[in-house]
Amino acid sequence: KAAMPEGMDVKTKAKLDQAYPQAVRTTQNTLTNFDQDIADLEALIKDPGLKSISGIYGANTPNVSAEARRAKALFDKIKSGAGLSALLAIKAASPMGGALGNVSNQEGEKLEKSVAAFAQNQDYADLKRALYTYLVDVKIAKQNVLDAFDEAYSYRGETSAADMAAQAQARRSQVTKETLPQNLPPAPSGVKVIRKN
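Residues numbered from 1 in each chain as written. Predicted model: local features only at pLDDT ≥ 70, side-chain atom pairs only at ≥ 80, totals over all residues. Heavy atoms only, no water.

(A) Structural detail: the overall build of the protein chain. Per the secondary structure count, the protein chain includes 8 helices and 0 strands. Overall, the protein chain shows an N-to-C arrangement of helices and strands of α-α-α-α-α-α-α-α. Residue burial in the protein chain is summarised as follows: out of 197 residues, 39% are buried. Contacts in the protein chain between residues at least 24 apart in sequence constitute 74% of all its contacts with a sequence separation of at least 6. Here the protein chain displays about 11500 Å² of accessible surface, and carbon together with sulfur accounts for 54% of that area. (Helix = DSSP H or I, 4+ residues; strand = E, 2+ residues; numbered from the N terminus. Buried < 20%, exposed > 50% of the residue type's maximum accessible area, 1.4 Å probe, protein only. Contact = heavy atoms within 4.5 Å. Areas by Shrake-Rupley, 256 points an atom, 1.4 Å probe, with all protein chains shown as cover.)

Shown next, in the form of structure tokens:
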């Protein structure tokens, strides 16, 4: 059993120890979701289809090209906020709020505001800037969750936040390899759409 941390009473330690297995699971899940959000945001920011789906015109016309459909699917996925849902699970799993619960609450509020700041009908440059801001906020939230986990549970000397982050990335890589066929056919070029202003 882990030694009593300095300044912690027996009751608090017992609650933290009891919550530890669930805290590990929910933190790992959150890190995996954050990694997926980060990968999706980085892909969308670089995606040439982002320009075709942004602005008043792009947001309100059918996504005919393969690029536009791909960008719209990524946009909708990001807007749904998997990382936000995962933060709620951490809050629910944290006894008496605690470091993890408090951080998940604070980061959840920041990410909700950041998500609300981007809309598809924004001009391309503004949308891209808002997506980049959200990417930075997700990266900060991920690091803050890692720090809060270490603050709450480092006394146990078991799973560290750095270990969990590495495991989450490895798990995401493995799932991606297992899910995607190795020999994919070349992507179709799609329909080229010329829009006249």
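(B) Local environment of the pattern of salt bridges. Inspection of every chain in the model, using the stated rule, returns 7 salt bridges. Note that Lys 142 is salt-bridged to Asp 35, the shortest N-O span being 2.7 Å. In this pair, Lys 142 is assigned in helix α7 (residues 124-153) and Asp 35 in helix α1 (residues 10-46), connecting sequence segments 107 residues apart. Judged on exposure class, the residue Lys 142 and its partner Asp 35 are both buried. A salt bridge links Lys 72 to Asp 76; the shortest N-O distance between them is 2.7 Å. With Lys 72 and Asp 76 both in helix α4 (residues 66-80), this residue pair falls 4 residues apart, about one helical turn. The class for Lys 72 is partly exposed, based on a relative accessible area of 22%. (Salt bridge = Lys/Arg side-chain N within 4 Å of Asp/Glu carboxyl O.)

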